[in-house]
Amino acid sequence: MKSLPNILTSMRLVLALFMFLALAAAAGAIPFISDDLPPETQFALERWAVYAFVVAAVTDFFDGWLARRLNATSVWGAILDPIGDKVLVCGAVLGLLSLGPQPMVVLPAGLILFREFTVSALREVGAGKGVKLPVTLLAKWKTTLQLTALALELVVAAWGAFSLPAEWQAGFALFAHALFWLAAVVTLITGAQYWEQTRKALGA
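Numbering of residues begins from 1 in every chain and follows the order in which that chain's sequence is written. Only residues with pLDDT of 70 or above have their local features reported here, since the model is predicted, and side-chain atom pairs are shown and tallied only from 80 upward, although totals for entire chains, interfaces and linings are computed over all residues. Excluded from the side-chain calculation are hydrogens and water; included are all heavy atoms of the structure.

Colleague: Would you take a moment to explain the pattern of salt bridges for this structure?
Modeller: Side-chain pairing between opposite charges can occur once the charged atoms of the two side chains come close. Only one rule defines a salt bridge in this text: a Lys or Arg side-chain nitrogen within 4 Å of an Asp or Glu carboxyl oxygen. Scanning the entire structure with this criterion turns up 6 salt bridges. Salt-bridge contacts for Lys86 lead to Glu116; the nearest nitrogen and oxygen are separated by 3.4 Å. Of this pair, Lys86 sits in helix H3 (residues 75-98) while Glu116 sits in helix H4 (residues 103-128); the two residues are 30 residues apart in sequence, bridging distant segments of the chain. Burial classes follow relative accessibility: with a 1.4 Å probe on protein chains only, a residue under 20% of its type's maximum area counts as buried, one over 50% as exposed, and anything between as partly exposed. By relative accessible area, Glu116 is classed as buried at 2%. When the shortest N-O distance is used, the salt bridge between Arg115 and Glu116 registers 3.1 Å. According to the relative accessible area criterion, Arg115 is buried, its value standing at 4%. When salt bridges with common partners are traced through the structure, they connect Lys86, Arg115, Glu116 and Lys142 into a single cluster. The way it works is that DSSP assigns letters per residue, a run of H or I at least four long becomes a helix, a run of E at least two long becomes a strand, and they are numbered from the N terminus.

In structure tokens:
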């Protein structure tokens, strides 16, 4: 039972990879596989990609909760969990952008990717100097906002795959874009906080 949290985290990585490949295939971006896909198969891939993303996002809550509940926290889990989060977010952003031009998504998506790679670099450099960057409460909310907003954006991009009413799309998209921009702002704030923590810890 104590291995369950790490199993869930590993499953998140597998689901993230499946999601990205499914979206890439649906967008016609995988040579030899995407060339002759009928529309119904493309729609099916988009639906399964969204389902995979939602399940993977849910595991992000349960792996940490189970680790604390079962007293099963481990160094491997502490390493794997943030990797799983970043792979899921980055895979969703790249898969989302592969589905077509989305001007309202490009800027916040780029800012989120910029922050994630920057903080990862800060953690790596800080670890070499003995500096630890504990996850803040705002950073946890950041992850929740990112995953929720990305789920909504994926639904907007794959609207036809779900046979949803066309008259709902504009309002749904507006809400999804607003939440995604909010997630980007919170993401940048947490990135600035980590930057300042690292700077002070290193005496820069």
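Continuing now.
Colleague: Just to check I follow, could you spell out the packing of aromatic side chains for this structure?
Modeller: Remark: the centre distance and the inter-plane angle together describe each pair of aromatic rings, the angle taken between the planes. Only Phe, Tyr and Trp rings take part, Trp by its six-membered ring, and two of them pair if their centres are within 6.5 Å. Stacked means planes under 30 degrees apart, edge-to-face means over 60, and tilted covers everything else. This structure, assessed with the given rule, holds 3 aromatic pairs. Considering the side-chain rings of Trp48 and Tyr51, the 5.6 Å spacing of their centres and the 90° angle between planes classify their relative orientation as edge-to-face. One end of the pair, Trp48, and the other, Tyr51, are both in helix H2 (residues 39-69), 3 residues apart, so they sit about a helical turn from each other. For Trp48, a relative accessible area of 53% puts it in the exposed group. Ring centres of Tyr51 and Phe162 lie 6.1 Å apart, and the angle between their planes is 75°; on these two criteria the pair is classed as edge-to-face. Note that Tyr51 is positioned in helix H2 and Phe162 in the loop between helix H5 (137-157) and helix H6 (166-202), a separation of 111 residues in sequence. Looking at Tyr51, the relative accessible area reads 39%, which means it is partly exposed. Taken together, Trp48, Tyr51 and Phe162 form an aromatic cluster joined through their ring pairs.

Colleague: Looking at this structure, how should I read the nonpolar core?
Modeller: One broad rule of soluble globular proteins: the nonpolar side chains tend to lie buried together. In this structure, Met19, Phe53, Leu88, Leu150 and Phe180 are the most contacted members of the largest nonpolar core, which totals 38 residues. Elements represented by at least two residues in this core include exactly helix H1 (4-26), H2, H3, H4, H5 and H6. The greatest single-element share of this core, amounting to 9 residues, is contributed by H5. If we skip the residues at most four places from it in the chain, Phe53 touches Met19, Leu88, Ala92, Leu147, Leu150, Ala151 and Leu154. As used here, the term nonpolar core means buried Ala, Val, Leu, Ile, Met, Phe, Trp, Tyr and Cys residues forming a set that is joined through side-chain atoms within 4.5 Å. Note on definitions: a residue-residue contact is assigned when non-hydrogen atoms from the two residues lie within 4.5 Å.

Colleague: In this structure, what is going on with the side chain of Gln146? I would like to understand it.
Modeller: As for its position among the elements, Gln146 is in helix H5. Polar side-chain contacts of Gln146 include one of 2.9 Å to the side chain of Thr187. Those residues in contact with Gln146, other than ones at most four positions away along the chain, are Val89, Ile112, Glu116, Ala183 and Thr187. Any N or O atom pair separated by 3.5 Å or less is treated as a polar contact, with the protein-specific requirement of one donor-capable and one acceptor-capable atom, and with residues adjacent in sequence counted only for side-chain atom pairs.

Colleague: What is the right way to read the packing of H4 against H6 from this model?
Modeller: Between two packed helices, what matters for the description is the angle formed by their axes and the separation of those axes. For every element, the axis is a line fit to its C-alpha atoms; helices are fit only across the contacting stretch, and the angle between N-to-C directions ranges from 0 to 180 degrees. Their axes nearest at 9 Å, the elements H4 and H6 cross at an angle of 25°. Viewed along their axes, H4 and H6 adopt a mutual orientation that is roughly parallel. Relative to H6, H4 is oriented so that their crossing is left-handed. Any residue outside Ala, Val, Leu, Ile, Met, Phe, Trp, Tyr, Cys, Pro, Asp, Glu, Lys and Arg is labelled polar, Gly included; the first ten of those are nonpolar and the last four are charged. Residues of the contact of H4 with H6, tallied by class, amount to 15 nonpolar, 6 polar and 3 charged. Reported orientations rely on four angle classes, namely roughly parallel under 35 degrees, roughly antiparallel over 145, roughly perpendicular from 65 to 115, and oblique for the rest. With the far helix as reference, a near helix turned anticlockwise by less than a right angle produces a left-handed crossing, and one turned clockwise produces a right-handed crossing.

Colleague: What am I meant to see in the environment of Val87 here?
Modeller: With respect to the helices and strands, Val87 occurs in helix H3. Given the relative accessible area of 35%, Val87 is considered partly exposed. Sequence-distant contacts of Val87, that is, excluding residues within four places in its chain, are made with Leu13 and Ala16.

Colleague: For this particular structure, what's the right way to read a nonpolar patch on the surface?
Modeller: A surface patch of nonpolar side chains, amounting to about 450 Å² of accessible area, comprises Val54, Val58, Phe61, Phe62 and Trp65. Looking at where Val54 falls in the secondary structure, it is placed in helix H2. Residue Val54 is classed as partly exposed on the basis of its relative accessible area of 39%. A patch consists of residues exposed above 30% relative accessible area that lack any salt bridge, with like charges linked at up to 9 Å and nonpolar side chains (Val, Leu, Ile, Met, Phe, Trp, Tyr) linked at up to 5 Å. For the accessible areas, the method is Shrake-Rupley and the probe is 1.4 Å, while residue cover comes only from the protein chains on display.

Scope: geometric values only; no functional claims are made or implied.
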